[in-house]
Amino acid sequence: FKYIAWSCKEILDNHGEREDGIYYLTTANGMKYQTFCDMNTAGGGWTLVASVHENSIYGRCTVGDRWSSQQGNNPNLPDGDGNWSNRNTFGLVESATSDDYKNPGYYDIAAKDVSVWHVPNNFPMEHWNLAAILRYHTENNFLRLYGGNLFNLFKQFPVRYNIGSCSNRGPAIPIVYDHGNRESTRNLYGPKKKDEFDPGFITFRAINNELGAMAICSGVKPRGCNSEHYCIGGGGYFHPDQCGYFPSFDWDRLGRDQGWSASKEMTESAVLLFYR
Amino acid sequence: FKYIAWSCKEILDNHGEREDGIYYLTTANGMKYQTFCDMNTAGGGWTLVASVHENSIYGRCTVGDRWSSQQGNNPNLPDGDGNWSNRNTFGLVESATSDDYKNPGYYDIAAKDVSVWHVPNNFPMEHWNLAAILRYHTENNFLRLYGGNLFNLFKQFPVRYNIGSCSNRGPAIPIVYDHGNRESTRNLYGPKKKDEFDPGFITFRAINNELGAMAICSGVKPRGCNSEHYCIGGGGYFHPDQCGYFPSFDWDRLGRDQGWSASKEMTESAVLLFYR
Amino acid sequence: FKYIAWSCKEILDNHGEREDGIYYLTTANGMKYQTFCDMNTAGGGWTLVASVHENSIYGRCTVGDRWSSQQGNNPNLPDGDGNWSNRNTFGLVESATSDDYKNPGYYDIAAKDVSVWHVPNNFPMEHWNLAAILRYHTENNFLRLYGGNLFNLFKQFPVRYNIGSCSNRGPAIPIVYDHGNRESTRNLYGPKKKDEFDPGFITFRAINNELGAMAICSGVKPRGCNSEHYCIGGGGYFHPDQCGYFPSFDWDRLGRDQGWSASKEMTESAVLLFYR
């Protein structure tokens with residue numbers, strides 16, 4: 001183990017390492033794990049902690065839907081698998097665009113900001129940066145207000161069915177674009193959603209008309225209450241057509257209005273989450 | 001890797017390490033893995049090898065039920081997933097209270113005794129010891145008679161549907177309490193079971209009236225044949241209402257007699273298994 | 001980490017290591033992992049990269065069927081889980097005969113040949129070699145023509161439902177037997193298949209009459225189009241009775257002609273895949 005560091009930021013600051021790539025990190029309790037460090041975006045020091053990868057847009061809370069529920073659409077399990085706010089981990093770093101990924105940094109690192117990359121499925125690590133269809137980060141230190149990471153943020157704003165109404169959204173944080181812009185964000189979510197959201201934000205814990213809870217609205221702040229069309233992850237219960245990671249990104253595949261579907265680029269990309 | 005050791009006992013004995021925490025161990029074949037060592041209870045040297053975590057009391061042998069069956073309730077699969085007596089492994093040590101955990105030590109370490117901690121779900125590792133609602137260990141070296149670990153014990157006493165009748169139970173071993181006592185054990189399993197078991201033991205491979213096999217009756221020795229109310233893990237087939245880890249700990253949630261249910265404390269705690 | 005090597009071949013060539021066992025390898029991107037090296041067969045230097053383990057011959061594309069589909073038999077998911085040609089990984093090396101295994105070497109190593117071991121389920125690593133019911137390897141450097149590994153080969157020959165007809169098979173490569181022979185290969189697949197295949201080959205991406213795609217016909221080259229009886233792995237859709245790893249190895253268990261079933265030895269062995 002070359003360094004004993006808690007985060008990529010520490011490797012950057014204490015050891016001057018500026019190369020993007022895989023490093024060993026350690027938790028506060030001393031558990032070692034490998035992850036990807038982005039050492040260059042906006043000053044570098046970003047630790048990859050998770051990815052949300054849709055294995056089957058047809059799966060409705062079935063095997064592989066770890067970020068919502070693998071137990072079927074079930075109102076008795078309002079939290080679903082609960083992975084947004086527990087210490088369960090899965091996957092390996094190089095598989096982050098081929099399957100779900102969550103490493104101990106997700107709950108263990110004390111961070112200030114997040115960075116998000118939307119990378120087409122199955123792209124190899126060495127091309128993630130260039131292949132991303134959308135990359136952005138926050139820079140107002142908002143995580144300090146919410147316990148230093150998403151694990152703690154989602155304790156305060158549970159991703160749980162029937163926890164509140166559409167107006168009980170969690171924080172919407174302004175973002176700085178590293179690849180893409182407000183217009184391209186809007187286009188990625190499809191043509192019909194002009195009045196549904198404002199691009200230029202990342203929003204946590206949205207709730208829709210049917211009281212389903214979603215974890216992250218990536219790149220946008222909802223105006224309306226149909227957030228199942230542009231927010232990802234979720235609790236364990238949704239409108240029957242919607243359970244899954246991208247609850248209703250595929251509205252038209254069900255033979256309904258195409259305009260409510262997100263772009264193919266979006267639904268076939270993994271969402272990589274970084275902390276700094 | 002600081003030490004090359006096969007078990008926590010070896011790290012304690014050969015290196016005098018007395019701090020609870022995460023260490024690297026190695027299997028006989030040289031595979032490295034990380035786990036938690038309890039270096040203090042009753043002399044220390046306890047290796048965490050597994051945890052049984054109920055992800056959904058509503059799941060009846062569905063995804064996540066690795067210690068019984070993830071293939072549905074199926075008499076054609078009498079062993080279910082078979083993890084009590086195979087070399088399959090899953091999970092990471094820090095996730096042991098948030099999901100199932102099984103490391104190579106389970107089948108690889110040659111041990112004499114077991115220690116069991118019932119820790120509320122999702123508690124962080126640094127608080128497991130204090131948060132536990134029940135902790136005990138054996139001290140009569142019983143594992144020596146059964147091949148040195150649970151992997152071998154369960155080869156002799158298969159956790160398999162229809163392998164025998166209620167009288168074909170495996171060994172019931174007396175325990176020494178580290179936190180809790182006979183009375184608190186009884187209370188954890190709920191009010192109505194006074195005549196069903198004797199507290200102060202750990203029992204392996206119980207069989208109920210319906211010929212379902214359970215792996216561990218933690219803290220108790222069955223008297224009757226309704227062991228689905230207080231024994232955990234299992235083969236691949238049970239009475240239809242019961243398949244799962246805690247086969248019938250939740251009897252009242254099905255709208256039946258509340259007295260047959262175990263306490264919420266019990267069903268919402270992970271069962272951590274240690275060897276020494 | 002004793003060596004920094006990309007493959008077992010490199011450890012053999014650069015460090016003269018000739019002992020079979022577990023070594024740390026590294027990917028091109030620097031991710032470390034442990035796997036088994038066979039340092040003796042036909043000159044040695046074979047890296048274990050994957051195993052295909054049937055957890056339940058009754059499961060029809062259910063949990064645990066990672067090499068076909070865990071999403072049920074679904075024509076909308078023609079690739080199934082897609083693990084033959086993605087970077088997803090699962091399992092640990094010592095569990096390779098107790099569950100599915102796929103390590104980063106599968107997609108990362110640049111190799112020339114494959115070696116295949118059929119090892120009875122749950123055998124410990126130290127006995128894999130002697131316990132194997134069939135062992136063979138290729139020696140014509142065929143992987144050079146297909147991108148250096150199976151990950152790339154299956155990009156060229158997708159394991160996908162409805163990708164072509166029975167005549168669109170991928171390459172059939174002659175093999176050299178290390179344990180077993182043509183006659184024993186034939187017997188392992190059962191009595192009735194005399195005219196269905198020629199032993200002495202390994203074939204990639206077979207397609208059957210119903211347009212189902214299979215990944216590997218181990219030890220044989222199909223003549224006919226009923227390859228579901230002797231080829232393994234698959235896409236996400238098959239004839240309803242067949243979805244799974246060994247799509248129709250168990251024909252007689254369904255109450256049909258016993259002669260079409262493979263031997264019990266075959267269906268209860270894991271298929272270990274090595275590169276060199």
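Quantities reported herein were computed from a predicted structural model and do not represent experimental measurements. (Residues numbered from 1 in each chain as written. Chains lettered and ligands numbered in written order. Predicted model: local features only at pLDDT ≥ 70, side-chain atom pairs only at ≥ 80, totals over all residues. Heavy atoms only, no water.)

## Structural notes on the pattern of salt bridges
And then number 1: Under the definition given, this model contains 21 salt bridges over all chains.
And then number 2: The partner of Arg66(B) in a salt bridge is Asp99(B), and the shortest N-O contact between them spans 3.2 Å. Linking Arg66(B) in the loop between β3 (46–52) and β4 (101–102) with Asp99(B) in the loop between β3 and β4, this pair joins segments that are 33 residues apart in sequence. No difference in accessibility class separates Arg66(B) from Asp99(B), as the two residues are buried.
And then number 3: Here Arg160(C) ties to Asp79(C) by a salt bridge, and the two come within 2.8 Å at their closest N and O atoms. Taken together, the residues Arg160(C) in the loop between α4 (150–156) and β7 (172–174) and Asp79(C) in the loop between β3 (46–52) and β4 (101–102) connect sequence positions 81 residues apart.
And then number 4: Judged by relative accessible area, Arg160(C) falls into the partly exposed class, the value being 29%.
And then number 5: On the basis of relative accessibility, which here comes to 30%, the residue Asp79(C) falls in the partly exposed class.
And then number 6: Salt bridges linked by common partners bring Arg66(A), Asp99(A) and Asp100(A) together as one network. (Salt bridge = Lys/Arg side-chain N within 4 Å of Asp/Glu carboxyl O. Helix = DSSP H or I, 4+ residues; strand = E, 2+ residues; numbered from the N terminus. Buried < 20%, exposed > 50% of the residue type's maximum accessible area, 1.4 Å probe, protein only.)

## Points about the interface of chain A and chain B
And then number 1: Contacts between the two partners involve 18 residues from chain A, matched on the other side by 21 residues from chain B.
And then number 2: At the surface where chain A touches chain B, the tally comes to 0 salt bridges.
And then number 3: One can count 12 residue pairs in polar contact (both at pLDDT 80 or more) joining chain A with chain B. (Contact = heavy atoms within 4.5 Å. Polar contact = N/O pair within 3.5 Å; in protein donor to acceptor, adjacent residues only side chain to side chain.)

## A word on the UniProt feature "domain: Fibrinogen C-terminal" (unreviewed entry) in chain A
And then number 1: Residues annotated by UniProt as "domain: Fibrinogen C-terminal" (unreviewed entry) correspond here to residues 1–49 of chain A.
And then number 2: Secondary structure across residues 1–49 of chain A divides into 16% helix and 35% strand, with the first and last C-alpha atoms of the span separated by 19 Å. (UniProt positions renumbered as here; feature names shortened; annotations may be inferred.)

## Some thoughts on the sheet that holds strand β11 (residues 213–217) of chain C
All names here are of chain C.
And then number 1: Pairing within the open sheet is antiparallel, and its 3 strands lie in the order β7-β10-β11. The open sheet has two free edges, formed respectively by β7 and β11, since each of these has just one partner strand. On average, each strand axis in the sheet is tilted by 5 degrees relative to the strand beside it, whichever way the strands run.
And then number 2: Pairing between β7 and strand β10 (residues 201–207): 3 bridges, direction antiparallel. The residue of β10 that forms the bridge with Ile173 is Ile202. (Pairing = 2+ DSSP bridges. Axes fitted to C-alpha atoms, helices over the stretch in contact; angles between N-to-C directions.)

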